[in-house]
Amino acid sequence: MHHTRSEAHAGAAIGPEANRGIGFPRLYDLLVLILTRGRDKAYREAMLDLAGLAPGFHLLDVGCGTGTQAISAWRRVQPGGSVVGVDVSEKMLAAARRKASRAGLDIAFHHADAAELPFEEGRFDVVTFTTVLHMVPEARRGFCLREAARVLPPGGRLLLIDYAGPLGERRHLSAKHGPHGQFDLHRLREPLAAAGFERIEGGPLNWLGLHYLRGIKS
């Protein structure tokens, strides 16, 4: 059973204002470039491989940031597919729109909270969250997963990429500090199942100490 809009606020006890997003798009892009040692394109492609995109697919990129991944994904879903991005940061969205415009791509970017997606049920084939959920207050993460389930049809795919594993076993510096080090993606296996996903699988991404979880809407 899906939550109502009011439950998303009252039940979590933390409203959407708790999700501030990232407000420094240029620095963010530079940081990704540095952390991947100039191989940011290969990093994005590795994530999209896990999403299993194909021509004609409709993708929702939650926490799309500056739009780099959405643009890469758009090329994979053509012909006939579409990509939509959402983010809580207006500054990141402005950067994403500029990038898509320069590339001549028809990608819609919306200002929206992951726990209250402004889309109808079953609209997308794939939903992705890339290094997003560690920034979402724990009390709201279940709502985000249920919203992802709502906008997917039966058989639709959800891909989560984030930090995971015991802190002492994390080798990459970016996986250890602040909210990154406090978050363990694999703790979301049970909430994923509760949100209506099955065939849940996961493992290391071999980039920046990141892991993935992937599930199919039942």
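Rules behind the numbers
- Residues numbered from 1 in each chain as written.
- Predicted model: local features only at pLDDT ≥ 70, side-chain atom pairs only at ≥ 80, totals over all residues.
- Heavy atoms only, no water.
- Helix = DSSP H or I, 4+ residues; strand = E, 2+ residues; numbered from the N terminus.
- Buried < 20%, exposed > 50% of the residue type's maximum accessible area, 1.4 Å probe, protein only.
- Contact = heavy atoms within 4.5 Å.
- Areas by Shrake-Rupley, 256 points an atom, 1.4 Å probe, with all protein chains shown as cover.
- Phe/Tyr/Trp six-rings, centres within 6.5 Å; stacked < 30°, edge-to-face > 60°.
- Core = buried A, V, L, I, M, F, W, Y, C linked by side-chain atoms within 4.5 Å.
- Pairing = 2+ DSSP bridges.

K.L.:
Any chance you could break down the overall build of the chain for me, citing the residues and the numbers?
P.N.:
In terms of regular secondary structure, the chain is built from 8 helices and 7 strands. Relative to its 218 residues, the chain shows a buried fraction of 50%. Contacts in the chain between residues at least 24 apart in sequence constitute 69% of all its contacts with a sequence separation of at least 6. By element, 53% of the accessible surface of the chain is carried by carbon and sulfur atoms, the whole surface being about 10400 Å².

K.L.:
Could you give an account of the packing of aromatic side chains, naming the residues involved and the relevant values?
P.N.:
For the structure on display, the rule yields 1 aromatic pair. With a centroid separation of 5.2 Å and 90° between ring planes, the pair formed by F119 and F124 is classed as edge-to-face. A residue is classified by how much of its surface remains accessible, and F119, at 5% relative accessible area, is buried.

K.L.:
Can you break down unusual backbone geometry residue by residue, with the values?
P.N.:
Backbone torsion omega between Q78 and P79 reads 0°, so that peptide bond is classified as cis. Among the secondary structure elements, P79 is positioned in the loop between α4 (68-76) and β2 (82-87). One non-glycine residue with positive phi stands out, namely T131, at about 45°. Residue placement: T131 occurs in the loop between β4 (126-130) and α6 (138-150). Judged by relative accessible area, T131 falls into the buried class, the value being 14%.

K.L.:
I'd love a proper account of the nonpolar core, names of residues and values included.
P.N.:
Counting residues in each nonpolar core, the largest one holds 32 residues, and the members touching the most others are L60, F119, V127, F129, L133, L158 and L160. Among the elements of the structure, β1 (58-62), β2, β4, α6 and β5 (157-163) are those that each provide at least two residues to this core. Looking at this core, the element that brings in the most residues is α6, giving 5 residues. Those residues within four positions of L160 in sequence are excluded, and the remaining contacts are F129, L133, L145, L185, L188, L192, H211, Y212 and L213. A70, I71, V77 and L210 belong to the second-largest nonpolar core, a separate cluster that totals 26 residues.

K.L.:
Tell me about the pairing of β4, residues and numbers included.
P.N.:
Counting buried residues along β4, 5 of its 5 residues qualify, which places the element largely inside the surrounding structure. A two-sided burial pattern is seen for β4, the buried positions comprising V126, T128 and T130 on one face and V127 and F129 on the other. In this sheet, β4 lies alongside β1 in parallel orientation, the contact comprising 4 bridges. Across the sheet, D61 pairs through a bridge with T128, a residue of β4. One ladder, built from 5 bridges, connects β4 with β5; its direction is parallel. Paired with F129 across the two strands is L160, which belongs to β5.

No statement about biological role is implied by the geometric values presented.
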